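# Breakdown of the fold
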Amino acid sequence: MNLEKMCVKIVCILTMQLTVGVIGAREPPTVSIPGQGTLMGMYMKMFRIQRIVAYLGIPYAQPPVNEKRFMPPLVDNLAAWDGVRNATTYPPECWSDVRKPLKQHDEAFMRLIGSPKRKDTSQYDEDCLFLNIYIPDAPPPPEGYAVIVWLHSGDFTVGNASELSPFHLVFKQKLLVVTVAYRLGIFGFFTSMDFVAPGNFGLMDQSAAMLWVNRNIKLFGGNDKSITIMGHGSGAISASLHLTSGDWSTDLFHKAIIMSGTSLSATSVREPRTYAGSLDQISSAFGCFRRPTADLLGCLRRVDAQILMENSPVMDWGPVIDEGLSNITTPFVSDDPRTLFERGKMLKVPVLIGFTDMEDSLDVSMGEVMNDGIASEMYDSFIEDIVMNGISSLESNESCGTNNQAVLDAVNFVYRPYPPVTDPIELRKRFTDFNTERNFAAPTILLATHMSKMSETYVYKFDIKPKTTAANEGLPQWAGVPHRYDQIFVWGLPYWIQLENQTQWDNADKRLSDIIMTLWSNFAKYTEPSKLGVYIKWDPFTPAQQGVLIIDRSFNMSDSTSLNYNAMQFWNDYYPKVIGFASQCCNATDTGSSIHTFVNNGSSRVIVLFLSILFVYQTVYLST
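### Regarding the overall build of the protein
Within the protein, the regular secondary structure consists of 20 helices and 14 strands. Considering only contacts in the protein between residues 6 or more positions apart, those separated by 24 or more positions represent 77%. Accessible surface computed for the protein: about 25700 Å², of which carbon and sulfur atoms make up 52%.

Have a look at this one:
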């Protein structure tokens, strides 16, 4: 039995296809990096004749260990070596919080690509600030290869730079791809809410990696004037934060591809005080003094990395607004991202951005609960729980139950079917649309609206699943395209993932992957996604013509039947006004003013209802 038949999933596939070896009489490739040393890379090959060049595990910052833990990355005096450094094996991964259960879409996608559910802890290390470079095995064009810098997903707590292979994107599209490892969880986003540890270290790592790429990518045949950052999920949130990070990322990239996530969604960025309670828990867990924070940090820096990860409170660590928290570095997130975009405080670079048609379908499906649809009572209950949980996190609304009900009334005015609908299948579709529109579609359209005022912007909605049945194993039949499943086509999975029982990928999926890889690569190379190699009309998104490419078998631009523009306007314009009104009424109630009786008599709900009616009138009647 040959090796190919023995291999079932990605681990074996990668062993077969990403092999170090001398092809013919060729010597291993080498590159000399000023100030560091000489690297020996390798040829990755597939099917004998397909190959690319790779350099793995290149350090781009000093190891963030000991006193450098909970500090911005240091990019001077990088690791240097004598002789030739072997860059043919993947480096250790940054510590992930293995205690947190994977989300349903992550678990399904990892199962598809054959990644183990949980890895041995020996594969993790705090010394993890490395990047990998993948290059076409061909002479570069005179200006060099266009460069994509990939920021992986994983909710800022899991994920790694090598979970997806860029082989076919590099081989077929003649791009140079850099994948970046950055600190995660408590190591990447711990904040002491002051200058001792402001937070956002994982984002700073990404900027440090981009700085290294700018300084050195020419040595690998890359074009340092054509660098595109590309991210998915938390990687997409990161990419959109780089648009507003000021000095941290200015001039370090020239375009951005932002997939299924933005910094404008409600939970993407938090106030530092969100983590105030965790500081008490952490100090107690490790026997550290809570104050002063310098003593707390000194104590935590002495804790072994694995012990720190496995015994710290399970938290949703992530980006925070760090304005005023450091007297050493400039803030990475100087204000609420929505405010920064509204003030035009973003980089003027072309953007390609989009979402799938059912982003949260697996996580809201609750196993088999929705297989037969949902009843109207369940529909109302689900929406109420989501809305109330969302607004309860707003500090100004914590004690305003009446006004929170007014906000729910506004959401129901838009999303509760009228005339009433009892068909459980239709209600299930409405509920999944509610989640996607609220959390992904509306923030995407809002960011595109801001960016399109000053630079070329292209927006898509990914609306097609694989035709290969085995690739959809474990997905409910009714579900559309879940979170992460667009990456099947972006990374050319039909060409390198071997499915269960030796199932072959449908040729239609390979053709679709070729199209998607071409569109994404055209954007990185030429800014215009449909410039070469595809017969698809993809109009730019503008504030006046908000066209969205619907990626299905037809590839048509959007209209009112394929995209709910009214929902986008509700979440981006009217919902914040309703929240603001409820908050103002709350403040008046708390101060004991004469408006107290006015609010508690329910008039606030009447006014919110009026705002909702006005919204419907403007979006329906004035648009006809």
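### Quick look at the side chain of His232
Within the secondary structure, His232 is located in strand β9 (residues 222-232). Take His232: its relative accessible area is 0%, and that puts it in the buried class. Among the polar contacts made by the side chain of His232, one reaches the side chain of Asp486 at a distance of 3.3 Å.

### Digging into the sheet that holds strand β2 (residues 37-40)
With respect to topology, three strands assemble into an open sheet ordered β1-β2-β5, the strand pairing being mixed. Edge positions in the open sheet fall to β1 (30-33) and β5 (84-86), since each of these has one partner strand only. In this sheet, adjacent strand axes meet at a mean angle of 30° when their direction is disregarded.

### Looking at the pattern of salt bridges
According to the stated counting rule, one finds 21 salt bridges in the structure shown. Between Asp280 and Arg290 there is a salt bridge, and its shortest N-O distance comes to 3.1 Å. Taken together, the residues Asp280 in helix α8 (residues 276-285) and Arg290 in the loop between α8 and α9 (293-301) connect sequence positions 10 residues apart. On the accessibility criterion, Asp280 (42% relative accessible area) is partly exposed. On the basis of relative accessible area, Arg290 is assigned to the buried category, the value being 14%.

### Some details on unusual backbone geometry
Between Arg291 and Pro292 the backbone carries a cis peptide bond, its omega angle lying at -5°. Tracing the backbone shows Pro292 in the loop between α8 and α9. In this chain, Tyr418 is followed by Pro419 through a cis amide linkage whose omega measures -5°. Summarising the element assignment, Pro419 is placed in the loop between α14 (401-415) and α15 (424-451).

### Re helix α6 (residues 201-216)
An ideal rise of 1.5 Å per residue puts 22 Å on 16 residues; α6 measures up with 22 Å between its terminal C-alpha atoms. Burial runs high along α6: 14 of the 16 residues are buried.

### As for the sheet that holds strand β6 (residues 130-136)
Overall, mixed pairing links the 11 strands, which are arranged β3-β4-β6-β8-β7-β9-β10-β11-β12-β13-β14 in an open sheet. Among the strands making up the open sheet, the edge pair consists of β3 (42-46) and β14 (556-557). Relative to β14, strand β13 (residues 549-551) is paired through two bridges, and the arrangement is antiparallel. When the bridges of β14 are listed, Ile550 appears paired with Asn556. Packing of helix α7 (residues 234-242) onto the sheet brings it into contact with β7 (145-151), β9 and β10 (255-259), and relative to β9 it is tilted by some 130°. Along the sheet face, helix α18 (residues 507-526) touches β7, β9, β10, β11 (351-356), β12 (457-462) and β13 and points at about 150° away from the line of β10.

Parameters at a glance
Starting from 1, residues in each chain are numbered consecutively following that chain's sequence as written. Note on the predicted model: pLDDT of at least 70 is required for a residue's local features to be given, and 80 or more for side-chain atom pairs to be given and counted; whole-chain, interface and lining totals, by contrast, use all residues. Only hydrogens and water are set aside when side-chain values are computed; all heavy atoms of the structure are taken into account. Secondary structure elements follow DSSP: runs of H or I of four or more residues count as helices, runs of E of two or more count as strands, with numbering from the N terminus. Pairs of residues are marked as contacts when any of their non-hydrogen atoms sit within 4.5 Å. All accessible-area figures derive from a Shrake-Rupley calculation using a 1.4 Å probe, and residue coverage is judged against the displayed protein chains alone. Relative accessibility thresholds used throughout: buried, under 20% of the residue-type maximum; exposed, over 50%; partly exposed, between the two (1.4 Å probe, protein chains only). Two N or O atoms count as a polar contact when they lie within 3.5 Å, although within protein this holds only if one can serve as hydrogen donor and the other as acceptor, and sequence-adjacent residues are included solely when both atoms are side-chain atoms. Being paired, for any two strands, means DSSP has found at least two bridges between them. Angles here are taken between N-to-C directions and fall from 0 to 180 degrees, while the axes themselves are lines fitted to C-alpha atoms, restricted in helices to the stretch in contact. Within this document, salt bridges are pairs made up of a side-chain nitrogen of Lys or Arg and a carboxyl oxygen of Asp or Glu, the two lying within 4 Å of each other. Expected helix span is computed as 1.5 Å times (number of residues minus one).

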